[in-house]
Amino acid sequence: MAPTTSEPYPPELSSAEIDQLIFTIKDWTIAHGLAVRPPPALVATENDPNVILATTAPVTIFPSPFPRVCFDQARSIQVAYNNLYASIAQDETFLEEIVQEILEVDEFIAELWKVHLKVKEEGYSQSISLGLFRSDYMVHQATDDTQPVIKQVEFNTIASSFGGLSLQTSKLHKYLSSISYPLLQQPLNLGEELPHNSSTSSLASGIRTAFEAYSKGKTPHKCCVLFIVQDPERNIFDQRHLEYEVQQNGSPIPVFRLPYSQIAAQTSLASTPLRQLLFHPPNNPSQTFEAAVVYFRAGYGPSDYPDASAWEARYQIERSHAIKCPSILTQLAGAKKVQQVLATPDDSSNPSILSRFMTTSPSETTVLSKTFTNIFPLDTTPSGLHARKIALDPELCKGYVLKPQREGGGNNIYRTAIPPFLNSLPETHWKSYILMEIITPPPVHNTILRNGLVEKGGVICELGIYGTCLWDCNTKEILHNEEAGYLLRTKGDKSEEGGVAAGFGSMDSVRLV
Ligand code: ADP
Ligand code: MG
Ligand code: MG
(Lines give C-alpha, C1' and ligand atoms only; values in the text may rest on other atoms or scores of the structure.)
(Ligands and ions follow the chains in the order given, each with its own letter.)
Protein backbone atom coordinates (compact mmCIF):
# COMPACT_ATOMS: atom_id res chain seq x y z
CA MET A 1 0.00 0.00 0.00
CA ALA A 2 1.41 3.41 -0.93
CA PRO A 3 1.60 5.99 1.86
CA THR A 4 -1.16 8.58 1.79
CA THR A 5 -0.11 12.09 0.89
CA SER A 6 -0.53 13.23 4.50
CA GLU A 7 2.26 10.91 5.62
CA PRO A 8 5.76 12.25 5.17
CA TYR A 9 8.03 10.40 2.77
CA PRO A 10 10.51 9.09 3.65
CA PRO A 11 8.99 8.39 7.07
CA GLU A 12 10.41 9.91 10.26
CA LEU A 13 12.56 7.23 11.90
CA SER A 14 13.56 6.74 15.52
CA SER A 15 17.31 6.45 16.11
CA ALA A 16 16.82 2.72 16.83
CA GLU A 17 15.12 2.34 13.42
CA ILE A 18 17.92 4.20 11.66
CA ASP A 19 20.54 2.03 13.40
CA GLN A 20 18.72 -1.14 12.39
CA LEU A 21 18.37 -0.04 8.75
CA ILE A 22 22.04 0.93 8.55
CA PHE A 23 23.11 -2.38 10.06
CA THR A 24 21.04 -4.19 7.41
CA ILE A 25 22.32 -1.97 4.57
CA LYS A 26 25.99 -2.35 5.51
CA ASP A 27 25.89 -6.14 5.34
CA TRP A 28 23.62 -6.34 2.28
CA THR A 29 25.84 -3.96 0.31
CA ILE A 30 29.02 -5.92 1.03
CA ALA A 31 27.28 -9.24 0.38
CA HIS A 32 26.08 -7.91 -3.02
CA GLY A 33 28.96 -5.70 -4.12
CA LEU A 34 27.24 -2.33 -3.71
CA ALA A 35 30.70 -1.26 -2.64
CA VAL A 36 33.74 0.85 -3.36
CA ARG A 37 37.38 0.53 -2.36
CA PRO A 38 38.08 2.54 0.80
CA PRO A 39 40.14 5.74 0.46
CA PRO A 40 43.75 5.10 -0.64
CA ALA A 41 45.23 5.31 2.89
CA LEU A 42 43.41 2.09 3.80
CA VAL A 43 44.55 0.13 0.75
CA ALA A 44 48.10 1.44 0.61
CA THR A 45 50.06 -1.77 1.05
CA GLU A 46 48.97 -4.42 -1.43
CA ASN A 47 50.45 -7.37 0.40
CA ASP A 48 49.12 -6.49 3.84
CA PRO A 49 46.73 -9.35 4.79
CA ASN A 50 44.73 -6.87 6.91
CA VAL A 51 43.98 -4.60 4.01
CA ILE A 52 40.34 -3.49 3.70
CA LEU A 53 39.15 -4.21 0.17
CA ALA A 54 35.56 -2.99 0.19
CA THR A 55 33.28 -0.59 1.96
CA THR A 56 29.62 0.35 1.41
CA ALA A 57 29.16 2.79 -1.49
CA PRO A 58 27.40 6.04 -0.49
CA VAL A 59 23.71 5.19 -0.74
CA THR A 60 20.30 6.58 0.23
CA ILE A 61 18.32 4.74 2.90
CA PHE A 62 15.10 5.04 0.86
CA PRO A 63 14.48 5.28 -2.88
CA SER A 64 13.82 8.94 -3.75
CA PRO A 65 10.43 9.94 -5.16
CA PHE A 66 10.63 10.65 -8.90
CA PRO A 67 7.75 11.63 -11.23
CA ARG A 68 6.64 8.67 -13.32
CA VAL A 69 5.94 10.86 -16.37
CA CYS A 70 9.54 12.08 -16.26
CA PHE A 71 11.00 8.61 -15.84
CA ASP A 72 8.92 7.22 -18.72
CA GLN A 73 9.79 10.17 -20.94
CA ALA A 74 13.53 9.84 -20.30
CA ARG A 75 13.47 6.12 -21.08
CA SER A 76 11.32 6.49 -24.17
CA ILE A 77 13.69 8.94 -25.89
CA GLN A 78 16.95 7.08 -25.26
CA VAL A 79 16.92 5.21 -28.57
CA ALA A 80 16.49 8.54 -30.39
CA TYR A 81 19.35 10.02 -28.35
CA ASN A 82 21.54 7.03 -29.26
CA ASN A 83 20.76 7.63 -32.94
CA LEU A 84 21.54 11.31 -32.59
CA TYR A 85 24.95 10.77 -31.02
CA ALA A 86 25.86 7.91 -33.36
CA SER A 87 25.08 10.31 -36.17
CA ILE A 88 27.13 13.17 -34.66
CA ALA A 89 30.07 10.80 -34.15
CA GLN A 90 29.98 10.07 -37.90
CA ASP A 91 29.86 13.73 -38.92
CA GLU A 92 33.53 14.59 -38.98
CA THR A 93 32.91 17.97 -40.62
CA PHE A 94 30.59 19.06 -37.82
CA LEU A 95 33.00 17.87 -35.11
CA GLU A 96 35.92 19.51 -36.86
CA GLU A 97 34.16 22.89 -36.82
CA ILE A 98 33.60 22.56 -33.09
CA VAL A 99 37.11 21.31 -32.34
CA GLN A 100 38.71 24.06 -34.45
CA GLU A 101 37.05 26.67 -32.27
CA ILE A 102 38.51 25.38 -29.04
CA LEU A 103 41.71 23.54 -29.84
CA GLU A 104 44.03 26.52 -29.62
CA VAL A 105 43.05 26.99 -25.96
CA ASP A 106 42.25 23.40 -24.98
CA GLU A 107 45.30 21.20 -25.31
CA PHE A 108 43.48 18.02 -24.34
CA ILE A 109 40.88 18.34 -27.10
CA ALA A 110 43.68 19.33 -29.50
CA GLU A 111 45.63 16.14 -28.69
CA LEU A 112 42.57 13.94 -29.17
CA TRP A 113 41.97 15.56 -32.55
CA LYS A 114 45.60 15.02 -33.55
CA VAL A 115 45.30 11.30 -32.83
CA HIS A 116 42.17 11.12 -34.95
CA LEU A 117 43.86 12.93 -37.86
CA LYS A 118 46.91 10.67 -37.72
CA VAL A 119 44.75 7.55 -37.89
CA LYS A 120 42.58 9.03 -40.63
CA GLU A 121 45.65 9.69 -42.73
CA GLU A 122 46.67 6.04 -42.82
CA GLY A 123 43.01 4.93 -42.92
CA TYR A 124 40.85 3.59 -40.09
CA SER A 125 41.01 -0.19 -39.86
CA GLN A 126 37.65 -0.64 -38.12
CA SER A 127 34.40 0.89 -39.34
CA ILE A 128 32.24 -0.38 -36.47
CA SER A 129 31.92 1.77 -33.36
CA LEU A 130 30.34 1.05 -29.97
CA GLY A 131 28.68 3.58 -27.68
CA LEU A 132 27.74 2.85 -24.08
CA PHE A 133 26.02 6.17 -23.45
CA ARG A 134 24.27 7.80 -20.52
CA SER A 135 21.94 10.77 -20.81
CA ASP A 136 21.58 12.65 -17.49
CA TYR A 137 18.55 14.68 -16.43
CA MET A 138 17.02 16.63 -13.59
CA VAL A 139 13.32 17.31 -13.06
CA HIS A 140 12.12 20.80 -13.80
CA GLN A 141 8.73 22.10 -12.72
CA ALA A 142 7.92 25.67 -13.70
CA THR A 143 5.07 26.12 -11.20
CA ASP A 144 3.25 23.89 -8.69
CA ASP A 145 0.38 23.51 -11.17
CA THR A 146 2.39 22.52 -14.22
CA GLN A 147 3.54 19.03 -15.17
CA PRO A 148 7.13 18.23 -14.24
CA VAL A 149 9.45 17.71 -17.24
CA ILE A 150 13.01 16.46 -17.63
CA LYS A 151 15.89 18.75 -18.54
CA GLN A 152 19.15 17.28 -19.75
CA VAL A 153 22.26 17.94 -17.63
CA GLU A 154 24.66 16.31 -20.06
CA PHE A 155 25.15 13.37 -22.45
CA ASN A 156 28.08 11.03 -21.74
CA THR A 157 29.82 9.14 -24.54
CA ILE A 158 32.87 7.87 -22.62
CA ALA A 159 33.22 5.90 -19.37
CA SER A 160 29.51 6.29 -18.49
CA SER A 161 29.80 4.71 -15.08
CA PHE A 162 27.62 3.25 -12.29
CA GLY A 163 25.58 0.83 -14.40
CA GLY A 164 26.88 -2.02 -12.22
CA LEU A 165 26.22 -0.35 -8.86
CA SER A 166 22.91 1.08 -10.05
CA LEU A 167 21.33 -2.34 -10.52
CA GLN A 168 22.56 -3.35 -7.05
CA THR A 169 21.01 -0.19 -5.58
CA SER A 170 17.66 -1.00 -7.19
CA LYS A 171 17.95 -4.48 -5.68
CA LEU A 172 18.89 -3.09 -2.24
CA HIS A 173 15.85 -0.82 -2.13
CA LYS A 174 13.63 -3.68 -3.34
CA TYR A 175 15.05 -5.89 -0.61
CA LEU A 176 14.46 -3.23 2.06
CA SER A 177 10.92 -2.63 0.86
CA SER A 178 10.07 -6.30 1.12
CA ILE A 179 11.95 -7.06 4.37
CA SER A 180 12.70 -3.92 6.40
CA TYR A 181 10.33 -1.05 5.52
CA PRO A 182 7.19 -3.06 6.41
CA LEU A 183 8.58 -3.42 9.97
CA LEU A 184 8.92 0.33 10.57
CA GLN A 185 6.55 2.09 12.98
CA GLN A 186 5.15 3.75 9.88
CA PRO A 187 5.23 0.67 7.63
CA LEU A 188 5.98 1.12 3.94
CA ASN A 189 5.35 -1.15 1.03
CA LEU A 190 6.77 0.22 -2.21
CA GLY A 191 6.69 -2.89 -4.43
CA GLU A 192 4.82 -1.52 -7.46
CA GLU A 193 6.54 1.83 -7.31
CA LEU A 194 10.07 0.48 -7.80
CA PRO A 195 10.69 0.01 -11.52
CA HIS A 196 12.70 -2.75 -13.11
CA ASN A 197 16.33 -1.87 -13.83
CA SER A 198 18.41 -3.74 -16.39
CA SER A 199 21.55 -1.60 -16.35
CA THR A 200 24.21 -4.28 -15.85
CA SER A 201 22.86 -6.88 -18.26
CA SER A 202 21.92 -4.31 -20.91
CA LEU A 203 25.34 -2.66 -20.90
CA ALA A 204 26.98 -6.09 -21.01
CA SER A 205 24.74 -7.01 -23.91
CA GLY A 206 26.02 -3.94 -25.79
CA ILE A 207 29.61 -5.13 -25.32
CA ARG A 208 28.66 -8.70 -26.29
CA THR A 209 26.96 -7.51 -29.48
CA ALA A 210 30.13 -5.64 -30.47
CA PHE A 211 32.23 -8.69 -29.60
CA GLU A 212 30.09 -10.89 -31.85
CA ALA A 213 30.17 -8.37 -34.70
CA TYR A 214 33.97 -8.35 -34.50
CA SER A 215 34.58 -12.06 -34.16
CA LYS A 216 32.34 -12.88 -37.13
CA GLY A 217 35.45 -12.19 -39.20
CA LYS A 218 38.00 -15.03 -39.17
CA THR A 219 40.87 -14.59 -36.75
CA PRO A 220 43.80 -16.85 -35.82
CA HIS A 221 43.67 -15.73 -32.17
CA LYS A 222 41.27 -16.15 -29.32
CA CYS A 223 39.32 -12.89 -28.95
CA CYS A 224 38.88 -10.92 -25.74
CA VAL A 225 37.44 -7.68 -24.36
CA LEU A 226 39.79 -5.14 -22.75
CA PHE A 227 38.59 -2.80 -19.99
CA ILE A 228 41.04 0.13 -19.98
CA VAL A 229 41.05 1.31 -16.37
CA GLN A 230 42.64 3.73 -13.96
CA ASP A 231 44.92 2.27 -11.33
CA PRO A 232 44.14 2.47 -8.47
CA GLU A 233 40.36 2.64 -9.05
CA ARG A 234 38.00 3.10 -6.10
CA ASN A 235 34.93 2.36 -8.22
CA ILE A 236 36.22 -1.08 -9.18
CA PHE A 237 33.14 -3.09 -8.14
CA ASP A 238 30.92 -1.10 -10.50
CA GLN A 239 33.24 -2.22 -13.30
CA ARG A 240 33.47 -5.78 -11.96
CA HIS A 241 29.69 -6.28 -12.11
CA LEU A 242 29.78 -5.41 -15.80
CA GLU A 243 32.88 -7.54 -16.38
CA TYR A 244 31.32 -10.62 -14.72
CA GLU A 245 28.16 -10.16 -16.76
CA VAL A 246 30.11 -9.94 -20.04
CA GLN A 247 32.19 -12.98 -19.07
CA GLN A 248 29.39 -15.22 -17.96
CA ASN A 249 25.98 -14.26 -19.32
CA GLY A 250 26.01 -16.53 -22.36
CA SER A 251 28.99 -18.23 -23.92
CA PRO A 252 32.12 -17.21 -21.95
CA ILE A 253 34.05 -14.18 -23.20
CA PRO A 254 37.51 -13.46 -21.76
CA VAL A 255 37.68 -9.98 -20.22
CA PHE A 256 40.90 -8.38 -18.99
CA ARG A 257 41.43 -5.23 -16.96
CA LEU A 258 44.28 -3.24 -18.46
CA PRO A 259 45.53 -0.16 -16.57
CA TYR A 260 45.90 2.74 -18.99
CA SER A 261 49.60 3.05 -18.09
CA GLN A 262 50.20 -0.60 -19.11
CA ILE A 263 48.78 -0.39 -22.66
CA ALA A 264 52.22 -0.08 -24.24
CA ALA A 265 53.69 -2.93 -22.20
CA GLN A 266 50.84 -5.40 -22.64
CA THR A 267 49.54 -4.81 -26.15
CA SER A 268 50.98 -4.74 -29.63
CA LEU A 269 49.63 -4.35 -33.16
CA ALA A 270 49.75 -7.22 -35.63
CA SER A 271 51.88 -6.32 -38.62
CA THR A 272 49.02 -6.94 -41.04
CA PRO A 273 46.98 -4.40 -42.98
CA LEU A 274 44.17 -4.86 -40.43
CA ARG A 275 46.41 -4.01 -37.45
CA GLN A 276 44.68 -6.31 -34.95
CA LEU A 277 45.27 -5.30 -31.33
CA LEU A 278 47.06 -8.16 -29.57
CA PHE A 279 46.94 -8.50 -25.80
CA HIS A 280 49.65 -10.39 -23.91
CA PRO A 281 48.49 -11.26 -20.37
CA PRO A 282 51.29 -10.23 -17.97
CA ASN A 283 51.14 -13.49 -16.00
CA ASN A 284 51.46 -15.64 -19.14
CA PRO A 285 53.14 -13.72 -21.98
CA SER A 286 53.23 -16.84 -24.18
CA GLN A 287 49.48 -16.49 -24.68
CA THR A 288 48.07 -13.98 -27.13
CA PHE A 289 44.51 -12.69 -27.29
CA GLU A 290 43.07 -10.48 -29.99
CA ALA A 291 41.13 -7.54 -28.52
CA ALA A 292 37.72 -7.44 -30.19
CA VAL A 293 36.37 -4.61 -28.02
CA VAL A 294 38.28 -1.96 -26.09
CA TYR A 295 36.08 -0.41 -23.41
CA PHE A 296 37.48 2.82 -21.92
CA ARG A 297 36.88 3.50 -18.24
CA ALA A 298 39.96 5.72 -18.30
CA GLY A 299 41.42 8.15 -20.81
CA TYR A 300 38.54 10.65 -20.62
CA GLY A 301 40.59 13.42 -18.99
CA PRO A 302 44.06 14.97 -19.03
CA SER A 303 45.24 13.22 -15.83
CA ASP A 304 45.40 9.89 -17.70
CA TYR A 305 47.85 11.45 -20.19
CA PRO A 306 50.85 12.54 -18.10
CA ASP A 307 53.30 12.30 -21.01
CA ALA A 308 53.67 11.65 -24.74
CA SER A 309 53.76 7.88 -24.24
CA ALA A 310 50.16 7.97 -22.94
CA TRP A 311 49.09 9.64 -26.20
CA GLU A 312 51.06 7.00 -28.13
CA ALA A 313 49.04 4.37 -26.27
CA ARG A 314 45.76 6.02 -27.28
CA TYR A 315 47.02 6.20 -30.88
CA GLN A 316 47.90 2.50 -30.81
CA ILE A 317 44.35 1.61 -29.80
CA GLU A 318 42.67 4.07 -32.17
CA ARG A 319 44.57 2.76 -35.21
CA SER A 320 43.95 -0.86 -34.27
CA HIS A 321 41.22 -3.09 -35.68
CA ALA A 322 39.52 -3.42 -32.26
CA ILE A 323 36.02 -1.93 -31.88
CA LYS A 324 36.49 1.07 -29.63
CA CYS A 325 34.01 2.13 -26.95
CA PRO A 326 34.36 4.96 -27.68
CA SER A 327 36.36 5.95 -30.74
CA ILE A 328 37.92 9.41 -30.53
CA LEU A 329 35.18 10.92 -32.70
CA THR A 330 32.54 9.38 -30.42
CA GLN A 331 34.33 10.75 -27.36
CA LEU A 332 34.38 14.22 -28.96
CA ALA A 333 30.67 13.97 -29.79
CA GLY A 334 30.11 13.99 -26.02
CA ALA A 335 31.89 17.33 -25.55
CA LYS A 336 29.86 19.91 -23.62
CA LYS A 337 30.38 22.24 -26.60
CA VAL A 338 28.43 19.84 -28.84
CA GLN A 339 25.56 19.84 -26.35
CA GLN A 340 25.62 23.63 -26.38
CA VAL A 341 25.58 23.86 -30.18
CA LEU A 342 22.60 21.49 -30.30
CA ALA A 343 20.75 23.58 -27.70
CA THR A 344 21.56 27.07 -28.98
CA PRO A 345 18.97 28.35 -31.44
CA ASP A 346 20.66 29.25 -34.68
CA ASP A 347 21.18 33.03 -34.91
CA SER A 348 20.00 33.06 -38.52
CA SER A 349 16.78 31.37 -37.37
CA ASN A 350 17.49 28.33 -39.47
CA PRO A 351 15.79 25.13 -38.37
CA SER A 352 17.55 23.58 -35.40
CA ILE A 353 20.89 21.94 -36.10
CA LEU A 354 19.24 18.75 -34.79
CA SER A 355 17.58 18.16 -38.14
CA ARG A 356 21.03 17.71 -39.69
CA PHE A 357 21.41 14.52 -37.65
CA MET A 358 17.85 13.33 -37.29
CA THR A 359 16.43 12.46 -40.63
CA THR A 360 13.76 10.11 -39.28
CA SER A 361 10.93 12.19 -37.89
CA PRO A 362 10.51 15.87 -37.09
CA SER A 363 8.42 14.95 -34.03
CA GLU A 364 11.41 13.10 -32.56
CA THR A 365 13.51 16.23 -33.02
CA THR A 366 10.89 18.21 -31.11
CA VAL A 367 10.75 15.67 -28.30
CA LEU A 368 14.53 15.74 -27.85
CA SER A 369 14.81 19.50 -28.05
CA LYS A 370 12.21 19.84 -25.28
CA THR A 371 14.75 18.26 -22.91
CA PHE A 372 17.28 21.02 -23.59
CA THR A 373 17.73 23.88 -21.19
CA ASN A 374 19.36 27.18 -22.13
CA ILE A 375 23.04 26.74 -22.89
CA PHE A 376 25.17 29.53 -24.35
CA PRO A 377 28.59 29.72 -25.93
CA LEU A 378 31.07 32.23 -24.47
CA ASP A 379 32.52 33.21 -27.83
CA THR A 380 32.09 36.43 -29.80
CA THR A 381 28.88 35.48 -31.64
CA PRO A 382 25.80 37.54 -30.65
CA SER A 383 24.65 34.71 -28.38
CA GLY A 384 28.16 34.43 -26.87
CA LEU A 385 28.35 38.18 -26.18
CA HIS A 386 24.93 38.02 -24.52
CA ALA A 387 26.17 35.10 -22.36
CA ARG A 388 29.32 37.01 -21.36
CA LYS A 389 27.13 39.77 -19.94
CA ILE A 390 25.20 37.23 -17.87
CA ALA A 391 28.34 35.43 -16.73
CA LEU A 392 30.05 38.61 -15.53
CA ASP A 393 26.98 40.08 -13.82
CA PRO A 394 27.07 39.49 -10.03
CA GLU A 395 23.27 38.94 -9.92
CA LEU A 396 22.50 37.22 -13.22
CA CYS A 397 25.35 34.71 -12.85
CA LYS A 398 23.53 33.20 -9.85
CA GLY A 399 21.31 31.16 -12.17
CA TYR A 400 24.16 29.57 -14.15
CA VAL A 401 26.93 27.00 -14.19
CA LEU A 402 30.09 27.37 -16.26
CA LYS A 403 31.51 24.18 -17.80
CA PRO A 404 34.81 23.37 -19.47
CA GLN A 405 35.21 20.51 -22.00
CA ARG A 406 35.89 17.93 -19.27
CA GLU A 407 34.37 14.76 -17.83
CA GLY A 408 34.29 12.97 -14.50
CA GLY A 409 32.94 15.60 -12.11
CA GLY A 410 34.56 18.39 -10.14
CA ASN A 411 35.33 20.63 -13.14
CA ASN A 412 32.45 23.13 -13.14
CA ILE A 413 32.24 26.67 -11.77
CA TYR A 414 28.97 27.66 -10.13
CA ARG A 415 26.99 30.87 -9.74
CA THR A 416 28.86 33.76 -8.09
CA ALA A 417 32.21 32.02 -8.55
CA ILE A 418 31.83 32.54 -12.33
CA PRO A 419 32.76 36.25 -12.71
CA PRO A 420 36.03 36.09 -10.69
CA PHE A 421 36.94 32.84 -12.44
CA LEU A 422 36.44 34.32 -15.92
CA ASN A 423 38.31 37.47 -14.93
CA SER A 424 41.28 35.33 -13.88
CA LEU A 425 41.44 33.81 -17.39
CA PRO A 426 42.70 35.43 -20.60
CA GLU A 427 39.60 36.38 -22.62
CA THR A 428 40.85 34.23 -25.49
CA HIS A 429 40.17 31.15 -23.33
CA TRP A 430 36.53 31.92 -22.59
CA LYS A 431 35.26 30.27 -25.78
CA SER A 432 36.29 26.83 -24.53
CA TYR A 433 33.58 27.08 -21.81
CA ILE A 434 29.82 26.88 -22.04
CA LEU A 435 27.32 28.68 -19.82
CA MET A 436 24.30 26.65 -18.74
CA GLU A 437 21.17 27.59 -16.83
CA ILE A 438 20.99 25.85 -13.45
CA ILE A 439 18.14 23.37 -13.22
CA THR A 440 16.42 23.48 -9.82
CA PRO A 441 14.30 20.39 -9.20
CA PRO A 442 11.32 20.45 -6.80
CA PRO A 443 12.41 19.76 -3.18
CA VAL A 444 12.87 16.10 -2.14
CA HIS A 445 14.01 14.72 1.21
CA ASN A 446 16.08 11.65 1.94
CA THR A 447 18.80 10.25 4.17
CA ILE A 448 22.22 9.37 2.79
CA LEU A 449 24.59 6.84 4.34
CA ARG A 450 28.14 7.88 3.48
CA ASN A 451 31.34 6.62 5.07
CA GLY A 452 29.35 5.29 8.05
CA LEU A 453 27.73 8.69 8.69
CA VAL A 454 24.10 9.60 8.17
CA GLU A 455 23.18 12.84 6.35
CA LYS A 456 19.52 13.81 6.46
CA GLY A 457 17.82 16.64 4.61
CA GLY A 458 16.94 18.18 1.27
CA VAL A 459 18.42 16.36 -1.73
CA ILE A 460 18.74 16.84 -5.48
CA CYS A 461 18.32 13.82 -7.72
CA GLU A 462 19.86 13.27 -11.15
CA LEU A 463 18.46 10.53 -13.38
CA GLY A 464 20.72 8.84 -15.92
CA ILE A 465 19.38 6.65 -18.72
CA TYR A 466 21.87 4.28 -20.32
CA GLY A 467 21.87 3.48 -24.00
CA THR A 468 23.87 1.06 -26.10
CA CYS A 469 24.47 1.60 -29.78
CA LEU A 470 26.59 -0.13 -32.39
CA TRP A 471 27.00 1.39 -35.85
CA ASP A 472 29.00 0.92 -39.02
CA CYS A 473 30.58 4.16 -40.28
CA ASN A 474 31.04 2.69 -43.79
CA THR A 475 27.52 1.49 -44.43
CA LYS A 476 25.90 4.08 -42.08
CA GLU A 477 23.93 1.18 -40.68
CA ILE A 478 22.83 1.05 -37.03
CA LEU A 479 23.52 -2.55 -36.00
CA HIS A 480 22.12 -2.35 -32.47
CA ASN A 481 20.30 0.37 -30.53
CA GLU A 482 18.73 -0.10 -27.11
CA GLU A 483 17.73 1.74 -23.97
CA ALA A 484 19.82 0.11 -21.25
CA GLY A 485 18.47 0.75 -17.75
CA TYR A 486 18.80 3.67 -15.39
CA LEU A 487 20.85 5.34 -12.66
CA LEU A 488 19.66 7.68 -9.92
CA ARG A 489 22.29 9.73 -8.11
CA THR A 490 21.40 11.96 -5.21
CA LYS A 491 23.31 14.71 -3.47
CA GLY A 492 22.64 17.05 -0.56
CA ASP A 493 20.92 20.21 -1.87
CA LYS A 494 23.79 22.34 -0.54
CA SER A 495 26.29 20.56 -2.79
CA GLU A 496 26.81 21.80 -6.35
CA GLU A 497 28.52 18.70 -7.78
CA GLY A 498 26.82 15.33 -7.74
CA GLY A 499 29.39 12.75 -8.83
CA VAL A 500 29.48 9.63 -6.62
CA ALA A 501 33.06 8.93 -7.69
CA ALA A 502 34.03 12.58 -7.17
CA GLY A 503 32.82 12.18 -3.57
CA PHE A 504 29.71 14.36 -3.48
CA GLY A 505 26.81 12.19 -4.55
CA SER A 506 25.28 8.91 -3.49
CA MET A 507 23.65 5.96 -5.21
CA ASP A 508 19.85 5.94 -5.19
CA SER A 509 16.92 4.34 -7.00
CA VAL A 510 13.55 5.75 -7.99
CA ARG A 511 10.21 5.42 -6.27
CA LEU A 512 7.77 6.38 -9.00
CA VAL A 513 5.16 8.93 -7.94
P1 ADP B 1 30.60 15.88 -15.73
O2 ADP B 1 30.79 15.46 -17.14
O3 ADP B 1 31.86 16.31 -15.07
O4 ADP B 1 29.82 14.88 -14.91
P5 ADP B 1 28.19 17.54 -15.57
O6 ADP B 1 27.73 18.42 -16.65
O7 ADP B 1 27.41 16.29 -15.36
O8 ADP B 1 29.74 17.23 -15.80
O9 ADP B 1 28.23 18.36 -14.22
C10 ADP B 1 28.55 17.76 -12.99
C11 ADP B 1 27.44 17.95 -11.98
O12 ADP B 1 27.13 19.33 -11.83
C13 ADP B 1 26.13 17.29 -12.34
O14 ADP B 1 26.11 15.93 -11.95
C15 ADP B 1 25.12 18.13 -11.57
O16 ADP B 1 25.06 17.73 -10.21
C17 ADP B 1 25.74 19.50 -11.63
N18 ADP B 1 25.18 20.24 -12.78
C19 ADP B 1 25.70 20.32 -14.01
N20 ADP B 1 24.92 21.05 -14.84
C21 ADP B 1 23.87 21.46 -14.10
C22 ADP B 1 22.71 22.26 -14.36
N23 ADP B 1 22.48 22.80 -15.56
N24 ADP B 1 21.82 22.46 -13.34
C25 ADP B 1 22.04 21.93 -12.12
N26 ADP B 1 23.12 21.18 -11.82
C27 ADP B 1 24.03 20.94 -12.77
MG1 MG C 1 30.05 13.72 -18.07
MG1 MG D 1 27.87 14.32 -15.21
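Residues numbered from 1 in each chain as written. Chains lettered and ligands numbered in written order. Predicted model: local features only at pLDDT ≥ 70, side-chain atom pairs only at ≥ 80, totals over all residues. Heavy atoms only, no water.

Per an unreviewed UniProt entry, the protein chain goes by Glutathione synthetase and derives from Glarea lozoyensis. According to the UniProt record, the Catalytic activity (unreviewed entry) comment for the protein chain reads "gamma-L-glutamyl-L-cysteine + glycine + ATP = glutathione + ADP + phosphate + H(+)". One UniProt comment on the protein chain, placed under Pathway (unreviewed entry), says "Sulfur metabolism; glutathione biosynthesis; glutathione from L-cysteine and L-glutamate: step 2/2." (UniProt positions renumbered as here; feature names shortened; annotations may be inferred.)

### Considering the pairing of strand 6 (residues 149-156)
Among the eight residues in strand 6, seven count as buried, and that is most of the element. Across seven bridges, the pairing between strand 5 (residues 128-140) and strand 6 is antiparallel. Along strand 6, the bridge assignment pairs H140 with V149. (Buried < 20%, exposed > 50% of the residue type's maximum accessible area, 1.4 Å probe, protein only. Helix = DSSP H or I, 4+ residues; strand = E, 2+ residues; numbered from the N terminus. Pairing = 2+ DSSP bridges.)

### A word on the nonpolar core
In this structure, L84, Y85, I88 and I228 are the most contacted members of the largest nonpolar core, which totals 82 residues. It is helix 3 (residues 78-89) that contributes the most residues to this core, seven residues altogether. With residues up to four places along the chain from it excluded, the contact list for Y85 reads F133, F155, T157, A333, V338, Q339 and L342. Core analysis: the second largest hydrophobic core is formed by 51 residues, I18, V59, L132 and Y214 among them. (Core = buried A, V, L, I, M, F, W, Y, C linked by side-chain atoms within 4.5 Å. Contact = heavy atoms within 4.5 Å.)

### Quick look at the environment of P10
When you line up the elements, P10 lands in the segment before helix 1 (15-31). The class for P10 is buried, based on a relative accessible area of 13%. Sequence separation between P10 and H445 is 435 residues; the distance between their C-alpha atoms is 7.1 Å. With residues up to four places along the chain from it excluded, the contact list for P10 reads F62, H445 and N446.

### As for the site of ligand 1
Around ligand 1 lies a shell of 21 residues, among which K336, K403, G409, Y414 and E462 are the nearest. In the environment of ligand 1, an oxygen atom lies 2.9 Å from a nitrogen or oxygen atom belonging to the side chain of N412. The separation between an oxygen atom of ligand 1 and a polar side-chain atom of Y414 is 2.7 Å. Coverage of ligand 1 by the protein chains reaches 95% of its 540 Å² of free accessible surface. Elements supplying a minimum of two residues to the shell around ligand 1: strand 6, strand 14 (400-403) and strand 16 (434-437). (Near = heavy atom within 4 Å. Polar contact = N/O pair within 3.5 Å; in protein donor to acceptor, adjacent residues only side chain to side chain. Areas by Shrake-Rupley, 256 points an atom, 1.4 Å probe, with all protein chains shown as cover.)

### Focus on the environment of T209
Topologically, T209 is positioned in helix 7 (residues 199-215). According to the relative accessible area criterion, T209 is partly exposed, its value standing at 22%. Separated by 60 residues in sequence, T209 and L269 have C-alpha atoms that sit 23 Å apart. If sequence neighbours within four positions are ignored, T209 has contacts with L470 and H480.

### Concerning helix 15 (residues 382-392)
Of all the positions in helix 15, only S383, G384, A387, R388, I390 and A391 are classed as buried. Seen end-on, helix 15 carries its buried residues on one side only, within an arc spanning 165 degrees. In helix 15, the exposed positions angled more than 90 degrees off the buried face are occupied by P382 and K389. (Arc of directions from axis to C-beta.)

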